[in-house]
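Geometric and topological summary
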There are 2 protein chains.
Amino acid sequence: MSENKIPYKVYLAENEMPTAWYNLRADMKNKPAPLLNPGTGLPLKAEELTPIFCEELVQQELDEDTKFYPIPQEIQDFYKMYRPSPLVRAYCLEKALDTPAKIYYKFEGNNTSGSHKLNSAIAQAYYAKNQGLKGVTTETGAGQWGTALSMACAYLGLDCKVFMVKVSYEQKPFRREVMRTYGASVTPSPSTETEVGRRILEAHPGTTGSLGCAISEAVEVAVKNPGYRYVLGSVLNQVLLHQSIIGLEARTAFDKIGVKPDVIIGCAGGGSNLGGLIAPFMGEKLRGEADYQIIAVEPASCPSFTRGKYAYDFCDTGMICPLAKMYTLGSSFIPSPNHAGGLRFHGMSPVLSQLYHDGLMEARAVEQTSVFEAAERFARTEGILPAPESSHAIKVAIDEALKCKETGEEKTILFGLTGTGYFDLVAYQKFNDGEMSDYIPTDEDLARGFAGLPKVPGME
Amino acid sequence: MSENKIPYKVYLAENEMPTAWYNLRADMKNKPAPLLNPGTGLPLKAEELTPIFCEELVQQELDEDTKFYPIPQEIQDFYKMYRPSPLVRAYCLEKALDTPAKIYYKFEGNNTSGSHKLNSAIAQAYYAKNQGLKGVTTETGAGQWGTALSMACAYLGLDCKVFMVKVSYEQKPFRREVMRTYGASVTPSPSTETEVGRRILEAHPGTTGSLGCAISEAVEVAVKNPGYRYVLGSVLNQVLLHQSIIGLEARTAFDKIGVKPDVIIGCAGGGSNLGGLIAPFMGEKLRGEADYQIIAVEPASCPSFTRGKYAYDFCDTGMICPLAKMYTLGSSFIPSPNHAGGLRFHGMSPVLSQLYHDGLMEARAVEQTSVFEAAERFARTEGILPAPESSHAIKVAIDEALKCKETGEEKTILFGLTGTGYFDLVAYQKFNDGEMSDYIPTDEDLARGFAGLPKVPGME
């Protein structure tokens, strides 16, 4: 193993790191459908979005033409604190699988937020500060995004208000404490601090909260407090733009060692990691310069790509956000309570949805027991305890590598290892105790979600 | 900041990684005192140790002469999974402190065990496997060492039995689950699986356990089961030998950028990190080739260097281990229950004790509230949430950098960032809630510990 010329880990030098984000939309012939105003059914204009979002981010959100956005120097400096992330050759996993496939992963977990979320958090916090704002608000479920945003805000001296789904606030006290250590205020949602929170508490006194409710509270606080805006960690076009750093670094690292991947695999919840990982490779594919097999992996219990509808829907269960055209299970769809693997968003990034619709990528749904089996195998051979989300990609990477073992093909596989599982040990415990089960929604379950899809004025 | 020539992080290439460990004892004029048999008071011979420890490790333990030990290829390959660890220039911290000092840290936390412990765990597991053993036993308190050993054993296909102090087993279920995910069996101690455990449970039915008791159980299982040996994560000479990888990498990285540190700072519990970090630098100092200011940092609540006695003592509270000559507070000394910062071992590595006794390094004791203040400051500027242990070194590094601000000196400071604090959030929560307090043992507290120092046959 030690004789190999390609090292276990490829790190870019700092002067090789990307200095611009890549806007994949600029290379798409079929652009993603525009966000709509749910009241009028008309495409949203910048001025409708700026009371909620930072100006520069609204501009990035709506911009389908600019191919490269220079990364501001302060963000580049912050990136250097935890990037470049390594492109790892999984020699030990290859050996354990006895496969002729070459497996690589881009590991985004080597930072305290534990995931790739920090790539966009620092960008969004930077533009908020640049606009002269005092702070930002957001929601968080498990806490990965909230942690990333807290870190970015601490670095820039920006106030950070996080509404954390109450059940997570109580059951995941460690994530909460990380955010507090970074100076964020963390409020269990629903709270008495907002009108919408008070209304929900009155109607459902014992509720443990939901992401939709936390979004509504965060948006209300942002809109009502001068100097505050709301930020979001996935789904949006701007987030995919910032996350392109993952793919850009990966491609440069491959160029350094003279390798080209054949298959690119990423887990997909809202799409922030997958969209970032594949961006430059998909760009080459769109421009006809190269071909790659690109596979999105989602939980069988929340199968937006594989069983969802391509339709306009709300991004939030509270139905206060703009309408986005995407693969969706309906904003009222909630995965079975036994689901422990993350990626529980009902919809999917509009950019990725369009690409999938156009046949430029595939999707696979996998069951969580098989995901945790893959996670355990990976941990024991490659050392890193992976996040359950990331383990969806591991599962399919292992499947593909084992196919190569059968066919003898020496494919080069790249997958995104989005983060670590250090705060997901309740799920691992369930798996270790043999108490994890699978649930695949029935057609009736899905029909109930689809029934809630909004009617868009002027469309039928 | 971006104009600096020295990058934020210096990574060695894989072919620049050390291929041999450095045995500091070979360069010491005053060798550390030998381990004694507590019954006879005579230096222990290899054959007295091999029923408990692996043969090759006993040989390393007793060897004062061999300067370099080639690192077996399989261990080198494992190291490449998570090493080289970066030598980080703390530009952001320097800026926040507005200091002319140049601050560097060697970051050992980028692996799932979360600390440097893995460097010795893989070595000890390797030699156990090489000897044809079936497995190893050990004890763990907070779980860092147990996790590291589980990872190493999973990689090598070795059985791993961990006795975890019962109170930690119950209060730190996440560490326990990481170990289980890596296939280790984790038993709360005291248990009914051993004679000593049953005896203790009978005498103290409600006991929550202690490290001393867990050691006794682990040793009993190792001795009674053919094909098993006991392994330990700190204090021992062999551990410092393996941990020299930290200092060797750091020195090579400094050579690459043409920098020499003036001050080297490390936290010290049993001494595994500090001994490894300083090894090659102390070697230069011993050989008269260079001079460095070397500072060991310990908790004021467990001050073995600064207030302990240099005497023969048991390494364990159960008094079943050999006697080691070291700075010690007495094997019955237990830090105040309000102590949350780790580094709670009553003694100190015999190698470091001898060096300290000979005036080759200094020691400072710091109070935990100031340690967590330093941890928070570091987290907010450098991004990484540090382990409480590591934060002792951060505290003194910041102190030294602020002194430079006063004097205008441009000193180069290196400190060891041994690990991350992701499993220490109960302590952080206490700090965030303003409920952390300090306690410095009184002279009477210390006198009680010293009273328990053993009488060594033939010495007075």
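This text gives an overview of the structure that appears in the document. (Residues numbered from 1 in each chain as written. Chains lettered and ligands numbered in written order. Predicted model: local features only at pLDDT ≥ 70, side-chain atom pairs only at ≥ 80, totals over all residues. Heavy atoms only, no water.)

**Thoughts on the packing of aromatic side chains**
Applying the stated criterion to the full structure yields 41 aromatic pairs over all chains. Pairing Phe423(A) with Tyr422(B) gives two aromatic rings, centres 6.1 Å apart and planes at 55°, and the pair type is tilted. Separated into two different chains, Phe423(A) in the loop between β15 (412–417) and α17 (425–432) and Tyr422(B) in the loop between β15 (412–417) and α17 (425–432) make up a pair that spans both. Judged by relative accessible area, Tyr422(B) falls into the buried class, the value being 9%. For the ring pair Phe78(B) and Tyr155(B), a centre distance of 4.8 Å and an interplane angle of 70° mean the geometry is edge-to-face. (Phe/Tyr/Trp six-rings, centres within 6.5 Å; stacked < 30°, edge-to-face > 60°. Helix = DSSP H or I, 4+ residues; strand = E, 2+ residues; numbered from the N terminus. Buried < 20%, exposed > 50% of the residue type's maximum accessible area, 1.4 Å probe, protein only.)

**Some details on the packing of helix α5 (residues 118–130) of chain B against helix α11 (residues 237–257) of chain B**
Residue and element names in this part refer to chain B. Running from N to C, α5 and α11 cross one another at 125°; their axes reach a closest spacing of 8 Å. One element, α5, and the other, α11, form an angle in the oblique class. Remark: the crossing between α5 and α11 carries right-handed chirality. Each of Asn119, Ser120, Ala123, Gln124 and Tyr127 in α5 lies in contact with α11, whose residues at this interface are Gln238, Val239, His242, Gln243, Ile245 and Ile246. Grouping the constituent residues of the contact of α5 with α11 by class yields 5 nonpolar, 6 polar and no charged. (Axes fitted to C-alpha atoms, helices over the stretch in contact; angles between N-to-C directions. Parallel < 35°, antiparallel > 145°, perpendicular 65-115°, else oblique. Left-handed = near helix turned anticlockwise from the far one by under 90°. Contact = heavy atoms within 4.5 Å. Nonpolar A, V, L, I, M, F, W, Y, C, P; charged D, E, K, R; others polar.)

**A closer look at helix α2 (residues 55–62) of chain B**
Residue and element names in this part refer to chain B. The complete set of buried residues in α2 reads Leu57, Val58, Gln60 and Glu61. Seen along its axis, α2 keeps its buried residues to an arc of 160°; they face one direction. Buried-residue contacts for α2 involve β2 (20–22), α1 (46–49), β3 (68–70), α5 and α11. (Arc of directions from axis to C-beta.)

**Comments concerning the interface of chain B and chain A**
Contacts between chain B and chain A engage 45 residues on the former and 45 residues on the latter. Taking both sides of the interface into account, the surface hidden between chain B and chain A amounts to around 4,300 Å²; carbon and sulfur atoms contribute 56%. One can count 2 salt bridges joining chain B with chain A. In this structure, Arg180(B) engages Asp433(A) in a salt bridge whose closest nitrogen and oxygen atoms are separated by 2.7 Å. For the side of chain B that touches chain A, the secondary-structure elements that each account for two or more residues are α3 (73–82), α6 (144–156), α8 (173–181), α15 (368–382) and α17 of chain B. In terms of residues, the side of chain B that touches chain A owes the most to one element, α8(B), which gives 6 residues. (Buried area = accessible area lost by both parts, 1.4 Å probe. Salt bridge = Lys/Arg side-chain N within 4 Å of Asp/Glu carboxyl O.)

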